[in-house]
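# Working through the structure, step by step
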Amino acid sequence: MTAPFPSAVDQALAAAVRAPSPHNTQPWRFVVAGPRIEVWLDRSRVLTVADPAAREARLSCGAAVYNLALVLRDNGLGAQVRVLAKPAEPDLLAVIRIDGGAGRARPDRQLAEAVFRRHTNRRPLSAQPVSETCRARLRSAALAEGGVLEFLDGSSRYARVTALARQAEAVQAADERFRAESARWTGRPPESPDGVPTVAFGPPAGVPAVVPLRSSHQNPAIPTRQFEQDPCLAVVLTREHGVAADVRAGLVLQRVLLTATADGLATSCVSQPFETPGTRGPLLELFREIGEPHTLVRVGHGLPVRMTARRPVAEVTIVQSASDTSPR
Ligand SMILES: Cc1cc2nc3c(=O)[nH]c(=O)nc-3n(C[C@H](O)[C@H](O)[C@H](O)COP(=O)(O)O)c2cc1C
């Protein structure tokens, strides 16, 4: 690494690739150019059936941006994030400018520590409720990144959203193109550097789940289990719409997920209703007065499960020499 602050940059990139992404596709590339780190969308890794507009891919890159900046700051550096810094380059999703030497306060220690522990939990969660204190912390986490986290239980939207999730799952399970795409990315061996390994799957539901696990994320070889009949669900929203809002939503999502991890909570994303046209429209309409909903998060108490692997940082990073670095 030839950038300034090499060890902090290395750590930040290692953190960036720990971000979540649909089917662990890791749709990002990084360019380190002096004190700048660029985060690019890797179009070759966008799920063209489930995510044709690359919305979820941008969200994933936003989560990677959050991890990058968090770990730089945790090393005492300044990290200024500009989303969609160059309108002529719509796949350049963010530029992080590193400034200052070491010695600043490290405000987010617990979150930085959570980066390497956070994982998706597709197993049933316990009946222990998510406390109001934890909910307040998760809401504040979203607000701190310019987003909104709305818990759905106890609201009139809960039944509607969960019904849309079931409807979308049924549509996708019957769609051959969707099934083929999911099959390409799932059921991998545990050490696979991308995709979802079978060890990260959940069990088949004994009683139909209120929010169904994707059929491509179920392991039929393990015994059926009963999932929560009243799962705690929250929706990640931004007040704005458009591609910059997708990236911003990724930062919001990641801060929420890391806050949950730091609080000992298990999480999983529920994306099916965002992915089929027949459910996406009604879902957007339901939240129109708040903003744009980006993803649903199931939150609760559960046992830790296996972490999934990532491609090495070197495979997704280009380090430009100082002479290649032009002001952009
Ligand atoms: C935008 C987005 C959508 C996702 N949608 C789902 C989903 O619908 N179901 C699911 O089980 N996991 C979903 N995930 C989680 C990914 O599958 C998971 O992040 C990836 O496999 C890596 O595993 P990890 O989160 O344990 O590190 C989503 C993640 C992101 C960022």
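Along each chain, numbering runs from 1 in the same order as the chain's sequence is written. pLDDT decides what is reported in this predicted model: residues at 70 or higher carry local features, side-chain atom pairs at 80 or more are listed and counted, and totals for whole chains, interfaces and linings draw on all residues regardless. Only heavy atoms go into the side-chain values, all of them from the structure, while hydrogens and water stay out.

### Quick look at the overall build of the protein chain
Elements are defined by DSSP. Helices are runs of H or I of four residues or more, strands are runs of E of two residues or more, and each kind is numbered from the N terminus. A tally of regular secondary structure across the protein chain gives 10 helices and 11 strands. Put simply, the radius of gyration uses C-alpha atoms, and a globule should come to 2.2 Å times the residue count raised to 0.38. The C-alpha radius of gyration computed for the protein chain amounts to 19 Å, which stays within 12% of the reference 20 Å derived for 328 residues, consistent with globular compactness. By its C-alpha atoms, the protein chain is 60 × 40 × 35 Å across when sized along the principal axes. Taken over 328 residues, the protein chain has a buried fraction of 56%. Contacts between residues were defined by any pair of non-hydrogen atoms, one from each residue, lying within 4.5 Å. Of the contacts formed within the protein chain by residues at least 6 apart in sequence, a portion of 73% connects residues at least 24 apart. Note on areas: Shrake-Rupley with a 1.4 Å probe; residue coverage comes only from the protein chains shown. Looking at the protein chain as shown, the accessible area adds up to about 13600 Å², and 55% of this sits on carbon and sulfur atoms. Each charge sign in the protein chain was given a centre, from 40 positive and 32 negative side chains, and these centres are 1 Å apart. Burial classes: relative accessible area under 20% of the type maximum marks a residue as buried, over 50% as exposed, and values in between as partly exposed (1.4 Å probe, protein chains only). Here Asp and Glu are counted as negative and Lys and Arg as positive; His is not counted, and neither are the chain ends. Lysine's charge is taken at NZ, arginine's at CZ, aspartate's at CG and glutamate's at CD.

### Comments concerning the sheet that holds strand β1 (residues 28-33)
The 5 strands lie next to each other as β3-β4-β2-β1-β11, forming an open sheet whose pairing is mixed. Each having just a single partner strand, β3 (78-83) and β11 (317-320) make up the two edges of the open sheet. Strand after strand, the sheet turns through a mean of 20 degrees between neighbouring axes, direction not considered. As defined by bridge partners, β1 adjoins strand β2 (residues 36-41) across 6 bridges and the pair is classed as antiparallel. Its bridge partner lying in β2, Arg29 is registered against Trp40. Note on definitions: angles span 0 to 180 degrees between N-to-C directions of axes, and those axes are lines fitted to C-alpha atoms, for helices only across the stretch in contact. Against the sheet, helix α1 (residues 6-16) engages β1, β2, β4 (92-99) and β11, with an angle of about 170 degrees to β1. Two strands qualify as a pair provided that DSSP identifies no fewer than 2 bridges between them.

### Description of the packing of aromatic side chains
Paired rings are identified among Phe, Tyr and Trp, the last through its six-membered ring, by centres lying within 6.5 Å, and are further divided according to the angle between planes into stacked (under 30 degrees), edge-to-face (over 60) and tilted (the rest). According to the stated counting rule, one finds 0 aromatic pairs in the structure shown. Two conditions define a charge located above a ring, namely a distance within 6 Å from the ring centre to NZ of Lys or CZ of Arg, and an angle within 35 degrees of the ring normal. The aromatic ring of Phe151 is capped on one face by Arg135, whose charged end is 4.7 Å from the ring centroid.

### Quick word on the site of the ligand
Note on terminology: near, applied to a residue and a molecule or strand, indicates that one of the residue's heavy atoms is within 4 Å of it. As a matter of local geometry, the ligand sits amid 21 residues, with Arg118, Thr120, Arg122, Ser271 and Arg310 nearest to it. Think of a polar contact as two N or O atoms within 3.5 Å of one another; within protein, one of them needs to be a possible hydrogen donor and the other a possible acceptor, and neighboring residues in sequence only count if both atoms come from side chains. At a separation of 3.1 Å, an oxygen atom of the ligand approaches a polar side-chain atom of His217. Interatomic distance of 2.7 Å between a side-chain N/O atom of Arg310 and an oxygen atom of the ligand. Sorting the residues of the shell around the ligand by element identifies α2 (55-74) and β9 (266-270) as the ones contributing at least two each.

### Side note on the pattern of salt bridges
Here, a salt bridge means any Lys or Arg side-chain nitrogen found within 4 Å of an Asp or Glu carboxyl oxygen. For the structure shown, the criterion picks out 19 salt bridges. Notably, a salt bridge pairs Glu285 with Arg288, separated by 3.0 Å at the nearest N-O pair. Taking relative accessible area as the criterion, Arg288 reaches 60% and is therefore assigned exposed.

### Regarding the sheet that holds strand β5 (residues 147-151)
Strand order in the open sheet formed by 4 strands is β5-β8-β10-β9, with antiparallel pairing between adjacent strands. Strands with a single pairing partner mark the edges of an open sheet, and in this sheet they are β5 and β9. Strand-to-strand twist in this sheet, taken as the mean axis angle between neighbours without regard to direction, amounts to 30 degrees. The pairing of β5 with strand β8 (residues 232-238) spans 5 bridges and is classified as antiparallel. Paired with Val148 across the bridge in β8 is Leu237. Helix-sheet contacts for helix α4 (residues 132-144) involve β5, β8 and β10 (292-300), and the interaxial angle to β5 is about 155 degrees.

### Comments concerning the domain arrangement of the protein chain
Domain annotation of the protein chain identifies domain 1 (6-116 + 311-324) and domain 2 (132-300). Bear in mind that the domain bounds are from an automatic or database domain assignment. The C-alpha centroid of domain 2 is placed 22 Å from the C-alpha centroid of domain 1. Listed per partner, the contact involves 29 residues of domain 1 and 37 residues of domain 2. Between domain 1 and domain 2, the buried area comes to about 2900 Å², and carbon and sulfur atoms account for 64% of it. Looking only at domain 1, the three residues that lose the most surface to domain 2 are His23, Arg55 and Leu59, adding up to 25% of its buried area. Taken together, the connections running from domain 1 to domain 2 amount to 2 salt bridges. At the junction of domain 1 with domain 2, the criterion picks out 12 residue pairs in polar contact (both at pLDDT 80 or more). Accessible area that two parts lose when put together, evaluated with a 1.4 Å probe and summed over both, is termed the buried area.

### Observations regarding the state of the cysteines
For the purposes of this analysis, a disulfide is any pair of cysteine sulfur atoms at a distance within 2.5 Å. In total, this model carries 0 disulfides according to the counting rule given. We note that Cys61 lacks a disulfide partner, and the nearest cysteine sulfur, in Cys269, lies 15 Å from it. Overall, Cys61 belongs to the buried group, its relative accessible area being 0%. Between Cys134, a free cysteine, and Cys232, which holds the nearest cysteine sulfur, the sulfur-to-sulfur gap is 9.9 Å.

### Details of the packing of α2 against helix α7 (residues 243-262)
Running from N to C, α2 and α7 cross one another at 55 degrees; their axes reach a closest spacing of 6 Å. Considering their axes alone, α2 and α7 lie oblique with respect to each other. For α2 against α7, the interelement crossing comes out right-handed. Facing α2, whose interface residues are Arg55, Arg58, Leu59, Gly62, Ala63, Val65, Tyr66, Asn67 and Leu70, α7 presents Val243, Asp246, Val247, Ala249, Gly250, Leu251, Leu253, Gln254, Arg255 and Leu258. We call Asp, Glu, Lys and Arg charged. Ala, Val, Leu, Ile, Met, Phe, Trp, Tyr, Cys and Pro are nonpolar, and the rest, Gly among them, are polar. Of the residues contributing to the contact of α2 with α7, the split by class is 11 nonpolar, 4 polar and 4 charged. When describing relative orientation, an angle under 35 degrees is termed roughly parallel and one over 145 degrees roughly antiparallel, while 65 to 115 degrees is termed roughly perpendicular and anything else oblique. By definition, any crossing whose near helix is turned counterclockwise from its far helix by less than a right angle is left-handed, and any crossing with a clockwise turn is right-handed.

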